[in-house]
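One-letter residues, chain by chain:
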Amino acid sequence: MNMLKERCFTLSLCMVASFIGGYCYAQAPDIDGDGFSDFVGVEINKKSSARHQWSYLPQGPSVSNIDTALQPLGKGSDIPIAGRFESAGKTNYGVVKLVSSKKLEWKIRLSDGSTVAYQFGSKSDHIMVGDFDGDGFDDLMVRTKKGLFRMMKTGLGGSGTGTFSRMIGKRKEKFWYSDVDGDGDDDICRMARKRKKRGKVFNICYDFMSGAQVLPSESIAKSRAGKAKSSPIPVGGGVLAYPKKSGKQTVVTFRTLAGARIATIGYPAQNSLAVSSDGELAMRIPQGVMVYNVFSGEISIKPAPSGSDLVDEYSVESFAKRGSGVSCSSVVGWGAGAVWKPVSDSDGNLVVLDAFGTNSSKIQIVNQNGKVLETGRFVGKTNGGRPTFRFSKRGSGYGKNLTVVFITGSKNVC
């Protein structure tokens, strides 16, 4: 007797008409320097003798999307990093490691295959990579536990060396960084809580080199976002992503700088999030790379590089907050090529494509109370042989906290 196979994916969408408040640029890695972003993967083994294994998957329109191995770099608890140190158009990868128990050493792989090392920072510091002086080349940055930001220029791009420090915000405030005013350098943004407006958090952004405030303070969210356990991720287009661990998945709420909620989406794992291109946030999952586009609302599963996690150019890390390893779930069975498109090109309504190589014959949209809102109309296999289902209205018309269920007449593997 055939059993039903149900593969579920949970998301909550609330698209807004426009994105307001600043630029909030985001930059994805470009390992091969062809002008198109790449997925950069890393496999980390916590054993002290095992080296980090790196690879990348090109994303340009004229490439064959072949997973390409990179030279190993780092081992044990070393933290992966990526930045444009040698060239503004090409990404270097590297690691930050602990030396002498308390000091940090940054090791960067250069384009000729050699490595260069910098002693900078201490174990309790937060670690960042960005272009904070606007010279076109990324710098090393740490934030001490007292709230002091310290920057080091590597000199790899020929723009000189040096260190600079500036006190920004209060010691316990969360922070993030991005080029919020579009002038070419990354700004430091503190998440300041106003006593007279309890429960609200405000973005206050500063140019690092001058210390000048670059944007007026803007209400970013109410208490829910203010209690976030991690710094937001700048996704691009004036949008910030707030990740939160929930069970075996990561729930991400997207907001404008002014605090308007755009969407909430659940990634079916607890791996690192990475910006894959402007307006797209990606995560490595067992079936590939799950990508959400904040502008279109599309969800897709793309081929992944080797390695169980992705590396981003914009991230805030520290040895103090790192856990014991990567945790991921294979409960969600979406394979490469699955797409949720809230507004189709043909009729303007929702269309959903199952993954390549699947044979689903039925799809349902279920709300948080278990009610089936609509069963999709199967229109055959399209776009490379993927089962395709159409619906009677736009994706936003079904509300939030939805579950998408694919059903086929085969063995239950959930």
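As the structure is a prediction and not an experimental result, all values here were calculated from the model.

What follows covers the overall build of the protein chain. Per the secondary structure count, the protein chain includes one helix and 32 strands. Taking all 414 residues of the protein chain together, 51% fall into the buried category. With an accessible surface of roughly 18,100 Å², the protein chain has 49% of that area assigned to carbon and sulfur atoms.

Considering all chains together, one arrives at five salt bridges under this definition. A salt bridge links glutamate 173 to arginine 190; the nearest nitrogen and oxygen atoms lie 2.8 Å apart. Here the residue glutamate 173 occupies a position in the loop between β12 (162–167) and β13 (174–178), and arginine 190 occupies one in strand β14 (residues 187–193), the gap between them amounting to 17 residues. The residues glutamate 173 and arginine 190 share a single accessibility class, namely buried.

This paragraph deals with the side chain of asparagine 293. With respect to the secondary-structure elements, asparagine 293 resides in strand β23 (residues 288–293). By relative accessible area, which is 15% here, asparagine 293 ends up buried. At a separation of 3.0 Å, a polar atom in the side chain of asparagine 293 contacts the main-chain amide nitrogen of serine 296.

With that settled, consider the sheet that holds strand β3 (residues 53–58). The strand order across the open sheet formed by four strands is β4-β3-β2-β25, and the pairing between neighbours is antiparallel. The sheet is open, and its two borders are formed by β4 (68–70) and β25 (309–310), each paired with just one other strand. Relative to β4, β3 runs antiparallel, the two sharing three bridges. If you follow serine 55 over to β4, its bridge partner there is alanine 69.

Let's shift gears to the sheet that holds strand β7 (residues 103–109). Here four strands make up an open sheet; going across it, the order is β5-β6-β7-β8 and the pairing antiparallel. Each of the sheet's edge strands pairs with one partner strand only, and the pair in question is β5 (79–87) and β8 (115–122). When strand polarity is set aside, the average angle formed by the axes of neighbouring strands in this sheet is 35°. Bridging between β7 and β8 involves six bridges; their strand directions are antiparallel. Pairing of tryptophan 106 across the sheet is with tyrosine 118, part of β8.

A surface patch of positive charge is lined by Lys102, Lys103, Lys123, Lys145, Lys146, Arg171 and Lys172. Tracing the backbone through its elements, the reader meets lysine 172 in the loop between β12 and β13. Relative accessible area serves as the criterion here: at 70%, lysine 172 is assigned to the exposed category.

Grouped together as the largest cluster of nonpolar side chains are 33 residues, with contacts concentrated most on Phe254, Tyr267 and Leu281. A total of four residues in this core trace back to one element, the largest contributor, which is strand β20 (residues 261–267). In contact with tyrosine 267, not counting residues within four places along its chain, are Gln249, Thr250, Val252, Phe254, Leu273, Leu281, Ala282, Met283, Met290 and Tyr292. Val96, Leu104, Leu110 and Leu140 belong to the second largest nonpolar core, which has 16 residues in total.

For the rest of this paragraph, the subject is the environment of aspartate 112. Assignment of secondary structure puts aspartate 112 in the loop between β7 and β8. Judged by relative accessible area, aspartate 112 falls into the exposed class, the value being 62%. Within polar-contact distance, the side chain of aspartate 112 engages the side chain of serine 114 at 2.6 Å.

Positionally, glycine 33 belongs in the loop between β1 (4–13) and β2 (38–43). We classify glycine 33 as partly exposed; its relative accessible area is 37%. Taking the C-alpha atoms as reference points, glycine 33 and glycine 89, 56 residues apart in sequence, are found 5.5 Å from one another.

So, on to the confidence of the model for the protein chain. Any region with low pLDDT has predicted coordinates that should not be read closely. Model confidence for the protein chain is summarised by a mean pLDDT of 79, while 79% of its residues fall at 70 or above. Confidence drops under a pLDDT of 50 for residues 1–22, and excluding neighbours within four residues, the segment shows 96 contacts in the predicted structure.

Burial analysis of β2 places five of its six residues in the buried class, which makes it a mostly covered element. Relative to β3, β2 runs antiparallel, the two being bridged by six bridges. Residue pairing in the sheet places valine 42 in a bridge with tryptophan 54 of β3.

Rules of the game
- Residues numbered from 1 in each chain as written.
- Predicted model: local features only at pLDDT ≥ 70, side-chain atom pairs only at ≥ 80, totals over all residues.
- Heavy atoms only, no water.
- Helix = DSSP H or I, 4+ residues; strand = E, 2+ residues; numbered from the N terminus.
- Buried < 20%, exposed > 50% of the residue type's maximum accessible area, 1.4 Å probe, protein only.
- Areas by Shrake-Rupley, 256 points an atom, 1.4 Å probe, with all protein chains shown as cover.
- Salt bridge = Lys/Arg side-chain N within 4 Å of Asp/Glu carboxyl O.
- Polar contact = N/O pair within 3.5 Å; in protein donor to acceptor, adjacent residues only side chain to side chain.
- Pairing = 2+ DSSP bridges.
- Axes fitted to C-alpha atoms, helices over the stretch in contact; angles between N-to-C directions.
- Patch = residues over 30% accessible without salt bridge, like charges linked within 9 Å, V, L, I, M, F, W, Y side chains within 5 Å.
- Lys, Arg positive; Asp, Glu negative; His and termini not counted.
- Charge placed at Lys NZ, Arg CZ, Asp CG, Glu CD.
- Core = buried A, V, L, I, M, F, W, Y, C linked by side-chain atoms within 4.5 Å.
- Contact = heavy atoms within 4.5 Å.
- pLDDT = per-residue confidence, 0-100.

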